[in-house]
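Chain and residue survey
Now for the letters of each chain:
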Amino acid sequence: MQEHTESGPVPPEDSLDLLQAAAAARARAYAPYSRFFVGAAIRGESGTIYAAANVENAAYPVGTCAEAGAIAAMIAGGDRRIVEILVCGPGPALVTPCGACRQRIREFASARTPIHAAGPDGITASFTLGELLPMAFGPDNLEPGTPQNEATVR
Ligand SMILES: [Zn+2]
């Protein structure tokens, strides 16, 4: 397995398996209201790929993003760390994770974790989580004894 977590975004040509998984999930998305189909694929620390699609609901706010489904699949599959994640929209316009999903990703990723934005035909841009969610609140903030927590309890 390649080591991506400390090296920043990986070259997009190394992420074609993620693109294929996300595009396949996107093709099965349930988006009858917006018709905005999205797929997401995560490479877990074990090397396993977890993919999911957005799932809308007649009660609109109940719908879920593709990234949320992929994270749930990763957890159910036994992985706990996101090595790399790709989000596939309709293209060619840039589709990045929404704000809530950036926070969801933060729970299982570092600031250096690559996030690729793609259309069905290829990756359009690559970022790190730190670029998309700078100064993020995360699990580290809740660990006793960290400087942040010592400062906030006073
Ligand atoms: Zn989202």
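Summary of the structure given here. Please read all numbers here as calculations on a predicted model, not as lab measurements.

1. Some remarks on the pairing of strand β4 (residues 114–119)
Most of β4 sits out of view: six of its six residues are buried. Here four bridges tie strand β3 (residues 82–88) to β4, and the two strands are oriented parallel to one another. Along β4, the bridge assignment pairs Leu-86 with His-116. With helix α3 (residues 99–106) bridging β3 and its parallel neighbour β4, the resulting β-α-β unit is right-handed. Bridge analysis of β4 against strand β5 (residues 122–128) gives six bridges, and the strand direction is antiparallel. Note on β5: the bridge partner recorded for Ala-117 is Ala-125. As consecutive antiparallel partners, β4 and β5 are separated by two residues.

2. Here we look at a nonpolar patch on the surface
Among the surface-exposed residues, Tyr-30, Tyr-33, Val-55 and Tyr-60 lie close enough to one another that they form a single nonpolar patch of about 440 Å² accessible area. Structurally, Val-55 is set in the loop between β2 (49–53) and α2 (66–77). Since its relative accessible area comes to 39%, Val-55 is described here as partly exposed.

3. Overview of the environment of Met-135
Structurally, Met-135 is set in the loop between α4 (129–132) and α5 (147–153). The exposure class of Met-135 is exposed, given its relative accessible area of 84%. For the pair Met-135 and Ala-111, spaced 24 residues apart in sequence, the C-alpha separation works out to 9.1 Å.

4. Quick look at the pattern of salt bridges
The final tally for this structure, using the stated rule, is three salt bridges. In this structure, the salt-bridge partner of Glu-84 is Arg-43, at a minimum N-O distance of 2.9 Å. One end of the pair, Glu-84, is in strand β3; the other, Arg-43, is in strand β1 (residues 39–44), and 41 residues separate them in sequence. Across the pair, Arg-43 and Glu-84 agree in class, each one buried. In this structure, Asp-140 engages Arg-106 in a salt bridge whose closest nitrogen and oxygen atoms are separated by 3.7 Å. One end of the pair, Asp-140, is in the loop between α4 and α5; the other, Arg-106, is in helix α3, and 34 residues separate them in sequence. Assessed through its relative accessible area of 41%, Asp-140 is described here as partly exposed. A residue is classified by how much of its surface remains accessible, and Arg-106, at 13% relative accessible area, is buried.

Here is what the cut-offs are and how they apply
Residues numbered from 1 in each chain as written. Predicted model: local features only at pLDDT ≥ 70, side-chain atom pairs only at ≥ 80, totals over all residues. Heavy atoms only, no water. Buried < 20%, exposed > 50% of the residue type's maximum accessible area, 1.4 Å probe, protein only. Helix = DSSP H or I, 4+ residues; strand = E, 2+ residues; numbered from the N terminus. Pairing = 2+ DSSP bridges. Right-handed = clockwise from strand over helix to strand, strands pointing away. Patch = residues over 30% accessible without salt bridge, like charges linked within 9 Å, V, L, I, M, F, W, Y side chains within 5 Å. Areas by Shrake-Rupley, 256 points an atom, 1.4 Å probe, with all protein chains shown as cover. Salt bridge = Lys/Arg side-chain N within 4 Å of Asp/Glu carboxyl O.

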